[in-house]
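Coordinate analysis (summary)
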Amino acid sequence: MDFIKKIRERATTSPKTIVLPEGSDERVVKAAEIITKEKIARVVLLGNVDNLKNASKEFELSGVEIIDPELSPKAEEYATLLYEVRKNKGMTMEKARELVKNPIWYGTLMVKNNDVDGMVAGAVTATGDVFRPAFQIVKTAPGIGVVSSAFMMIVPNCEFGSNGHILFADCAINPNPDAKQLAEIAVSTAKTWESLMDDEPRVAMLSFSTKGSAQNEMVDKVVEATKILKQQAPNLLSDGELQADAALVPKVASSKAPGSPVAGRANILVFPDLNAGNIGYKLVQRLAKAEAVGPISQGLAAPINDLSRGCSVEDIVNVVAITSLQAN
Ligand SMILES: CC(C)(COP(=O)(O)OP(=O)(O)OC[C@H]1O[C@@H](n2cnc3c(N)ncnc32)[C@H](O)[C@@H]1OP(=O)(O)O)[C@@H](O)C(=O)NCCC(=O)NCCS
Ligand SMILES: CC(=O)OP(=O)(O)O
């Protein structure tokens, strides 16, 4: 079955409550309508109640809960929660009361307080501003050092990866991960793959060098990350350092990396830094007309997912479906 159809169907089997803090954006309101109609999740929309009531003349919003953080009776409770979680980092009650009026902080506190199962934001808000409160309030899951993200790229008419499905990581969060963090990103992405796909994960650690063809400290980082990855996850099919063509194309792999367990058949591409990852996913999305589902966050203690500000309504619906699945 088609990947997107499958995740949406899986989400309907145990619908969760997801907060969408950007009720001021029409795409988000339309997505709330579709999510509710298709029973993918129960939606809480944050925004100005009057504006959203007006919007509901245009959109079918029955079944969607609407909260205005500025008028919410829970604002003081959430401010106290924020103060308690961050007081050792200099948070004051005054600052907490101010931050709670911001829908992204309010939504994150709803997640922390278990009032909702997850949050999706980023249609209007830049990635850093979505994740900073998440890192500070929700924090990492036990045993996780670094939160990262992955995009499921679905490339039309493509034989590479798993029938054109390839996870790209990290394309949204960590600007310049060190070797240890890069290895952890690879392990997290393999777990994300396993939660979404039926076949085995095959991880390529990407570089501009294949198996020593170039020498540079940027290559050394990927070589070191591959070594750490193989030690930490010996049963995971992984290899590096590989160029993108060696990772994906069997013929190139047989000349550049003969005998590699992954080269020519990778379905997970781990990029060496955020310049490469973010530019890479946007190029494939726009030039190859690939569907880019994500970014899917990995390693937070509760599911909070970002969007690209260029997202469509359908992108929002898809990320909400994935967020519901992560909340299971
Ligand atoms: C995500 C991001 C905002 C974090 O910023 P930062 O400056 O490191 O954040 P702060 O220094 O304020 O750290 C806040 C907290 O988050 C934690 N943190 C930061 N990055 C983290 C990560 N990847 N995983 C887990 N925790 C992280 C810090 O340890 C800190 O915790 P503490 O305050 O409890 O000690 C930053 O890495 C960023 O802007 N990334 C690029 C996002 C982007 O623009 N992407 C491109 C478009 S998608
Ligand atoms: C993921 C990403 O690149 O987000 P944006 O396009 O909003 O910067």
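Cut-offs used in this document
Residues numbered from 1 in each chain as written. Chains lettered and ligands numbered in written order. Predicted model: local features only at pLDDT ≥ 70, side-chain atom pairs only at ≥ 80, totals over all residues. Heavy atoms only, no water. Buried < 20%, exposed > 50% of the residue type's maximum accessible area, 1.4 Å probe, protein only. Helix = DSSP H or I, 4+ residues; strand = E, 2+ residues; numbered from the N terminus. Pairing = 2+ DSSP bridges. Right-handed = clockwise from strand over helix to strand, strands pointing away. Near = heavy atom within 4 Å. Polar contact = N/O pair within 3.5 Å; in protein donor to acceptor, adjacent residues only side chain to side chain. Areas by Shrake-Rupley, 256 points an atom, 1.4 Å probe, with all protein chains shown as cover. Phe/Tyr/Trp six-rings, centres within 6.5 Å; stacked < 30°, edge-to-face > 60°. Axes fitted to C-alpha atoms, helices over the stretch in contact; angles between N-to-C directions. Parallel < 35°, antiparallel > 145°, perpendicular 65-115°, else oblique. Left-handed = near helix turned anticlockwise from the far one by under 90°. Contact = heavy atoms within 4.5 Å. Nonpolar A, V, L, I, M, F, W, Y, C, P; charged D, E, K, R; others polar.

1. Here we look at the pairing of strand 1 (residues 16-20)
Taken across its five residues, strand 1 has five buried, putting it largely inside the fold. Side chains of strand 1 alternate between two faces, with Lys 16, Ile 18 and Leu 20 and Thr 17 and Val 19 buried alike. Direction of pairing for strand 1 relative to strand 2 (residues 41-46): parallel, over a ladder of five bridges. Paired with Ile 18 across the two strands is Val 43, which belongs to strand 2. Crossover handedness for the path strand 1 to helix 2 (residues 26-37) to strand 2: right-handed.

2. A closer look at the site of ligand 2
Taken together, Thr 127, Phe 151, Asn 278, Tyr 281, Lys 282, Ser 308 and Arg 309 are the residues near ligand 2. Between Asn 278 and ligand 2, the recorded distance is 2.9 Å, taken from a side-chain N or O atom to an oxygen atom. At a separation of 2.7 Å, an oxygen atom of ligand 2 approaches a polar side-chain atom of Arg 309. Relative to its unbound accessible area of 260 Å², ligand 2 is 87% covered by the protein chains. Considering every element that reaches the shell around ligand 2, the biggest residue donor is helix 12 (residues 274-287), with three residues.

3. A closer look at the environment of Asp 220
The topology assignment puts Asp 220 in helix 9 (residues 217-232). Along the backbone, Asp 220 and Ser 207 are 13 residues apart, and their C-alpha atoms lie at a distance of 9.5 Å.

4. Some words on the environment of Ser 308
Tracing the sequence through the fold places Ser 308 in the loop between strand 11 (304-306) and helix 13 (313-326). Each C-alpha atom, one on Ser 308 and one on Phe 135, is 19 Å from the other, the two residues being 173 residues apart in sequence.

5. Concerning the packing of aromatic side chains
Here the distance between the centres and the angle between the planes together describe a pair of aromatic rings. According to the stated counting rule, one finds four aromatic pairs in the structure shown. Each ring, one from Tyr 78 and one from Tyr 106, has its centre 4.9 Å from the other, and the planes form 80°; the classification is edge-to-face. One end of the pair, Tyr 78, is in helix 4 (residues 75-86); the other, Tyr 106, is in helix 6 (residues 103-112), and 28 residues separate them in sequence. Each member of the pair, Tyr 78 together with Tyr 106, is buried. Residues Phe 131 and Phe 135 carry aromatic rings whose centres are separated by 5.7 Å and whose planes lie at 20° to one another, so their mutual orientation is stacked. Placement of the pair is Phe 131 and Phe 135 together in helix 7 (residues 127-138), with a separation of four residues, close to one helical turn.

6. A look at the packing of helix 8 (residues 179-196) against helix 9
At their nearest, the axes of helix 8 and helix 9 sit 8 Å apart, and the two run at 50° to each other. Judged by the angle between their axes, helix 8 and helix 9 are oblique. Crossing handedness for the pair helix 8 and helix 9: right-handed. Facing Ala 179, Lys 180, Leu 182, Ala 183, Ala 186 and Val 187 of helix 8, the residues of helix 9 in contact are Lys 221, Val 222, Glu 224, Ala 225, Ile 228, Leu 229 and Gln 232. Partitioned by chemical class, the residues of the contact of helix 8 with helix 9 number nine nonpolar, one polar and three charged.

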